[in-house]
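Descriptive structure summary
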Amino acid sequence: MAKIKFKPVDPKQDFVAMEKKLLEYWYKEGIVEKYLKKNNPPAGGPNKKFSFLDGPITANNPMGVHHAWGRTYKDLWQRFYNMQGAKGRFQNGFDEQGLWVEVEVEKELGFNNKKDIEKYGIDKFVQKCKERVAKFSQIQTEQSKRLGYFMDWENSYHTSSDENNYAIWNFLKVCRQKGYLYKGRDSVPWCPRCGTAISQHEILTEEYKEITHKAVFVKFIVDSSSLIGNSQLSSVKGQVSLLVWTTTPWTLPSNVAIAVNPDLDYGQWNIDGQVLIINVKRAKEMKIGEKPQKTFKGKDLIGLNYQGNFDDLPALSGVEHKVVADKDLVTDEEGTGLVHIAPGAGEEDFKLAKKENLPVIESIDEAAVYVKGFGDLTGQNAKGNPDLIIDKLKDKAILFKEENYTHRYPTCWRCKTELVWRVVDEWYIAMDRPSSANGRTSDGKPSKTLRQQMVEVAKKINWIPAFGLDRELDWLKNMHDWLISKKRYWGLALPIWECAKCGNFEVIGSKEELKQKATEGWEDFEGHSPHRPWVDSVKIRCNQCQSIVTRIPDVGNPWLDAGIVPFSTMPTDWFPADFITESFPGQFKNWFYSLIAMSTVLENTNPFKTVLGFATLLDEKGEEMHKSKGNAIEFNEAADKIGVDVMRWMYSIQNPTSNLLFGYHKADEVRRRFYLILWNVYSFFVTYANLNSWQPSAGQKPSNVLDKWITSRLNSSIDIVTKSLEQYDATVAANAIEYFVISDLSTWYIRRSRDRVEDALPTLYVTLVELTKLLAPFTPFIAEEIYMNLTGEESVNFADIPNTNEKLIDTDLEKEMTRAREIVEIAHAKRKEAQIKVRQPLSAFQYTGGKLPKEIEEIVAAEINVKKVSSGKSFKLDTTVTPGLKAEGEARDIIRQIQQARKEADCRLDQKIEVELPKWPKEFEAQIKKETLSENLIKASQLSVKKL
Ligand SMILES: [Zn+2]
Ligand SMILES: [Zn+2]
């Protein structure tokens with residue numbers, strides 16, 4: 001072995017500076033490059049590979065500490081498998097298209113709505129979006145490098161790339177061929193600021209905010225003619241009104257019906273000379289008047305006609321309003337038991353309209369402004385001011401009551417604007433249509449729907465934690481058809497050319513196909529990415545009526561972009577991916593969903609084998625981090641403050657199913673608990689190795705029981721760590737390492753080896769070297785620093801992950817040592833009881849249970865400072881302090897004081913000294929001199945040391 005000079009270790013090391021130095025080394029000396037190609041060809045056999053698929057990070061802002069959690073997992077397993085000899089691809093991904101980018105660019109440019117974008121020019125706007133993602137993908141690359149994340153950064157994939165977009169075109173064409181793709185008219189959640197539909201996938205629970213709205217109780221007057229012949233109400237004299245409650249007064253002009261529950265009890269009350277009809281239970285809770293004059297069932301109201309409150313508006317002319325039944329929608333839990341139905345402005349309303357054949361009155365445009373036909377409302381923003389409607393209700397004397405009502409209301413995930421519901425044409429992928437035109441497979445069986453196939457595919461996947469499968473299946477069970485269109489600018493240009501004349505539509509599956517079918521505009525498009533506005537110039541001929549056809553202006557849902565990546569970025573022999581990992585919340589509806597959907601359509605199989613999901617990163621108090629709240633921690637700030645190894649350790653040891661409370665206090669605790677202990681063990685080794693001019697030599701077998709024990713523990717720990725990592729369990733692995741370092745290595749092995757340091761050096765050396773290899777996937781910086789200094793090798797990244805050496809595991813010895821440590825605890829407790837400090841030697845201690853081997857008894861004796869340890873019937877500590885033991889205790893005290901003085905005088909470990917002190921037991925003079933490296937002990941009034 002080559003002679004190694006161990007670089008001295010600074011106990012007060014600046015770890016952030018150390019990390020930055022190593023980063024420079026890794027990138028300047030080609031370490032990363034060599035690491036990426038290490039197994040090319042694979043060292044672990046020709047077929048050994050680890051297919052990791054990266055969920056693309058949104059390249060829209062700098063990274064926060066929450067991004068570093070997932071990226072630590074991603075790096076950890078790729079490093080682990082690379083150190084096992086498996087070939088990897090190391091491809092990072094950037095998510096670059098979609099509303100999130102558009103909104104940020106709009107902010108940059110000071111835009112308020114889509115009109116501003118169109119005025120500015122779609123081409124210039126799209127260019128700005130491209131520039132923004134180029135900028136932030138670069139920033140995120142640098143930040144990821146700082147995290148120690150080893151990836152093939154030059155070959156990252158970008159979802160805005162031509163390959164990715166055209167791969168989605170192909171997918172959509174297959175959807176069209178299978179009969180899944182369709183244009184539907186539906187009531188959809190809509191953001192009036194962004195001017196686009198928000199798909200069900202995008203409304204997460206966190207997008208519901210507590211909002212206070214003005215709610216109204218409003219009267220609808222029943223047509224007197226429709227009372228004639230009514231079994232319950234025909235005899236009522238005067239005007240009868242239905243009392244309705246709504247939290248969205250702006251939708252009242254779109255009212256076409258009132259729904260009641262046919263089974264509930266309703267009643268009539270006479271209030272201020274008017275008859276009001278309300279649900280009985282609700283009326284009681286609202287404390288309306290005395291007893292009802294009469295009660296009847298909801299079914300008695302069905303079919304009544306009433307006057308709309310805005311029937312004077314042109315848009316409402318000729319509309320017949322009627323009372324309809326709906327058992328699900330109408331309850332007696334809130335409101336009046338009579339529900340205002342506006343199919344143009346509500347999802348349930350629209351469904352009911354289909355069932356009851358009700359007219360759909362659309363009152364607002366894409367910015368929530370009242371459209372033509374609504375009198376003086378036209379041109380006014382419907383969501384801006386509820387009094388716009390309420391004042392009119394007052395004027396018409398039909399407002400019964402108004403109140404403030406606080407409820408959870410959905411907002412736009414991107415701009416936080418309150419959503420509205422609009423009935424619009426959008427494009428969907430059907431979940432429940434059979435997958436061929438005639439609904440039969442080739443052997444005549446009914447073909448499965450996409451939903452059914454996706455359920456089967458989801459079940460093939462290994463979900464960690466296991467509840468992930470239930471969550472995904474739950475979503476698959478309940479979700480609607482997949483709304484894939486957005487009326488926006490920067491995104492996948494949906495490759496749908498729809499004929500304005502005959503309604504036929506064609507889906508183009510590739511650039512080549514488009515070129516072949518283009519009848520005009522190809523020259524304007526050629527040389528551009530398949531984005532708006534360039535692709536919009538290309539026209540084709542309708543294959544039904546031969547008209548010239550234009551592309552629909554819509555762009556795609558961004559999850560199409562991320563869902564296609566197994567097909568657009570991975571060579572086929574890497575499919576399906578072995579592993580993906582992302583934060584759970586949201587992804588069931590988003591990335592996991594789109595991956596499964598697209599892979600099911602294209603291959604009818606799972607695109608990945610295992611998914612590790614993890615929870616949410618919160619601040620130290622358990623609150624969500626938000627820039628606006630001021631509690632968000634930007635990645636660079638944390639990296640410079642606490643170092644990335646400590647962060648990575650926090651992420652690795654965290655139970656992924658629990659939210660991680662991240663903050664600097666917790667980081668400091670982790671640093672002290674684990675990181676510094678490791679550093680101190682390493683520093684201890686180097687100090688004594690250099691002091692003894694010790695050199696590693698091959699083939700040394702441990703013979704001391706402590707050495708045998710720590711070697712056994714090391715191998716047991718390697719076994720747990722590698723097996724846990726193979727099961728994607730970083731928590732158990734990291735805990736095993738932490739326990740080994742803190743409890744076994746530092747607290748017991750080093751402590752019990754202080755009197756035999758030179759003997760312990762070979763074992764300690766091997767232990768540290770193996771430990772750093774095991775640590776490299778978790779905390780690459782400190783692992784590299786220690787490994788390089790101890791071995792003189794180029795990098796720990798080229799080492800193999802340690803293999804468990806079963807022969808070196810001695811479970812009996814491990815059990816005995818565990819018992820020894822328990823016995824020590826009891827002995828220390830007995831001393832404490834007798835108030836005799838550990839430095840005072842005692843003569844005997846007796847323990848119970850089976851007899852321990854003599855060499856272990858000796859370890860116990862040394863630790864508890866007792867002359868003789870033996871097994872017996874009970875735990876017994878002989879507390880007699882003989883004059884001899886007393887003198888020895890004094891000598892121990894003096895040795896400790898001199899050691900302290902040596903430290904204060906900054907003595908080197910091999911520094912010879914001269915000591916002045918008041919007194920010392922003469923029979924221990926030789927021992928004191930030996931242990932403190934003192935040449936002379938001189939009598940004086942005070943203790944002091946002099947360097948010689
Ligand atoms: Zn919005
Ligand atoms: Zn046509």
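Residues numbered from 1 in each chain as written. Chains lettered and ligands numbered in written order. Predicted model: local features only at pLDDT ≥ 70, side-chain atom pairs only at ≥ 80, totals over all residues. Heavy atoms only, no water.

**Considerations on the sheet that holds strand E17 (residues 462-464)**
The strand order E17-E27-E26 describes an open sheet built from three strands, whose pairing is parallel. The sheet is open, and its two borders are formed by E17 and strand E26 (577-583), each paired with just one other strand. Direction aside, neighbouring strands of the sheet carry axes that sit 15° apart on average. Pairing analysis gives six bridges linking E26 to strand E27 (residues 608-614), with the strands arranged parallel. Bridge pairing in E27 places Phe579 opposite Thr610. Each of E17, E26 and E27 is contacted by helix H18 (residues 591-603), which is oriented at about 150° to E26, the strand it contacts most. (Pairing = 2+ DSSP bridges. Helix = DSSP H or I, 4+ residues; strand = E, 2+ residues; numbered from the N terminus. Axes fitted to C-alpha atoms, helices over the stretch in contact; angles between N-to-C directions. Contact = heavy atoms within 4.5 Å.)

**A closer look at helix H3 (residues 65-83)**
The first and last C-alpha atoms of H3 sit 26 Å apart over 19 residues, in line with the 27 Å expected at 1.5 Å per residue. In terms of residue burial, H3 counts as a mostly covered element, since 17 of its 19 residues are buried. (Expected span 1.5 Å × (residues − 1). Buried < 20%, exposed > 50% of the residue type's maximum accessible area, 1.4 Å probe, protein only.)

**A closer look at the coordination of the zinc ion (ligand 2)**
Taken together, the protein ligands of the zinc ion (ligand 2) are Cys499 (SG), Cys502 (SG), Cys542 (SG) and Cys545 (SG), with distances of 2.2 to 2.3 Å. Considering all four donor atoms around the zinc ion (ligand 2), angles at the metal cover 101 to 118° and the coordination shape is tetrahedral. Mapping the donors of the zinc ion (ligand 2) onto the primary sequence gives the spacing C-x2-C-x39-C-x2-C. Placement of the pair is Cys499 in the loop between strand E20 (496-498) and strand E21 (505-507) and Cys545 in the loop between strand E23 (539-541) and strand E24 (548-551), with a sequence separation of 46 residues. In this structure Cys499 comes out as buried when scored by relative accessible area, which is 4%. What makes Cys545 partly exposed here is its relative accessible area of 26%. (Donors = N, O, S within 2.8 Å, 3.2 Å for Na, K, Ca; no water. Tetrahedral: all angles 85-135°; square planar, octahedral: opposite > 155°, others 65-115°.)

**A look at the packing of aromatic side chains**
Each pair of aromatic rings is reported with the distance of its centres and the angle of its planes. One pass over the structure, following the stated rule, counts 52 aromatic pairs. Consider the rings of Trp77 and Tyr728, whose centres lie 5.5 Å apart with planes at 55°: the pair is tilted. Of this pair, Trp77 sits in helix H3 while Tyr728 sits in the loop between helix H22 (705-726) and helix H23 (730-752), and the two are 651 residues apart along the sequence. A relative accessible area of 0% means that Trp77 is categorised as buried. Owing to a relative accessible area of 10%, Tyr728 belongs among the buried residues under this scheme. An angle of 75° between the planes, with centres 4.8 Å apart, marks the rings of Trp427 and Phe505 as edge-to-face. One end of the pair, Trp427, is in strand E16 (residues 420-429); the other, Phe505, is in strand E21, with 78 residues separating them in the sequence. With relative accessibility at 3%, the residue Trp427 sits in the buried group. Grouping aromatic residues by their ring pairs yields a cluster made of Phe50, Phe52, Trp69, Tyr73, Trp77, Phe80, Tyr81, Phe579, Phe614 and Tyr728. One residue, Arg79, lies across the ring of Phe150, its end atom 4.0 Å from the ring centre. In this arrangement the basic side chain of Lys396 is found over the ring face of Phe310, its NZ or CZ atom lying 4.7 Å from the centre. (Phe/Tyr/Trp six-rings, centres within 6.5 Å; stacked < 30°, edge-to-face > 60°. Lys NZ or Arg CZ within 6 Å of the ring centre and 35° of its normal.)

**Focus: the packing of helix H19 (residues 635-642) against helix H20 (residues 644-653)**
Two elements in contact, H19 and H20, have axes separated by 7 Å at closest approach and are oriented at 110°. On the basis of their axis angle, the class for H19 and H20 is roughly perpendicular. Residue-level contacts link Phe635, Ala638, Ala639 and Ile642 of H19 to Val644, Val646 and Met647 of H20. Looking at the contact of H19 with H20 residue by residue, the classes come out as seven nonpolar, no polar and no charged. (Parallel < 35°, antiparallel > 145°, perpendicular 65-115°, else oblique. Nonpolar A, V, L, I, M, F, W, Y, C, P; charged D, E, K, R; others polar.)

**Things to note about the pairing of strand E10 (residues 274-279)**
Extensive coverage of E10 is indicated by the burial of five of its six residues. Inspection of the sheet shows strand E7 (residues 240-246) paired to E10 by three bridges, in the parallel sense. Bridge assignment links Ser241 to a residue of E10, and that residue is Leu276. Note that strand E9 (residues 265-271) and E10 share six bridges and pair antiparallel. If you follow Gln268 over to E10, its bridge partner there is Ile277.

**Some remarks on the nonpolar core**
Judged by nonpolar contacts, the single largest core of 216 residues is most densely connected at Trp77, Phe662 and Phe685. Top element by residues in this core is helix H21 (residues 664-691). It accounts for twelve residues. Here Phe662 is in contact with Val65, Leu617, Leu618, Asp619, Glu620, Met625, Ile633, Ile642, Met647, Met650 and Tyr651, once residues within four sequence places are set aside. Membership of the second largest hydrophobic core comes to 61 residues, among which are Trp250, Leu252, Val260 and Ile277. (Core = buried A, V, L, I, M, F, W, Y, C linked by side-chain atoms within 4.5 Å.)

**Points about the pattern of salt bridges**
A full pass over the atoms with the stated rule returns 71 salt bridges. A salt bridge links Lys448 to Glu456; the nearest nitrogen and oxygen atoms lie 3.1 Å apart. Between Glu863 and Arg752 there is a salt bridge, with the nearest N and O atoms lying 2.6 Å from each other. Of the two residues, Glu863 is situated in helix H27 (residues 854-864) and Arg752 in helix H23; the sequence distance between them amounts to 111 residues. Each of the two residues, Glu863 as well as Arg752, counts as buried. (Salt bridge = Lys/Arg side-chain N within 4 Å of Asp/Glu carboxyl O.)

**Notes on the coordination of the zinc ion (ligand 1)**
Looking at the zinc ion (ligand 1), one finds its protein donor set to be Cys191 (SG), Cys194 (SG), Cys412 (SG) and Cys415 (SG), positioned 2.2 to 2.4 Å from the metal centre. One can describe the donor arrangement at the zinc ion (ligand 1) as tetrahedral, given that its four donor atoms subtend angles of 103 to 117° at the metal. Counting along the primary sequence, the residues that act as donors to the zinc ion (ligand 1) give the motif C-x2-C-x217-C-x2-C. Highlighted residues: Cys194 in the loop between strand E4 (181-191) and strand E5 (196-197) and Cys412 in the loop between strand E15 (399-410) and E16, separated in sequence by 218 residues. For the pair shown, Cys194 and Cys412 are each scored as buried.

**Considerations on the sheet that holds strand E3 (residues 157-158)**
Read from one edge to the other, the open sheet built from three strands follows the order E1-E2-E3, with strand pairing classed as parallel. Edge positions in the sheet fall to strand E1 (57-58) and E3, since each of these pairs with one other strand and no more. With two bridges joining them, E1 and strand E2 (residues 93-95) adopt parallel strand pairing. Bridging from a neighbouring strand, Ile57 pairs with Phe94 of E2.

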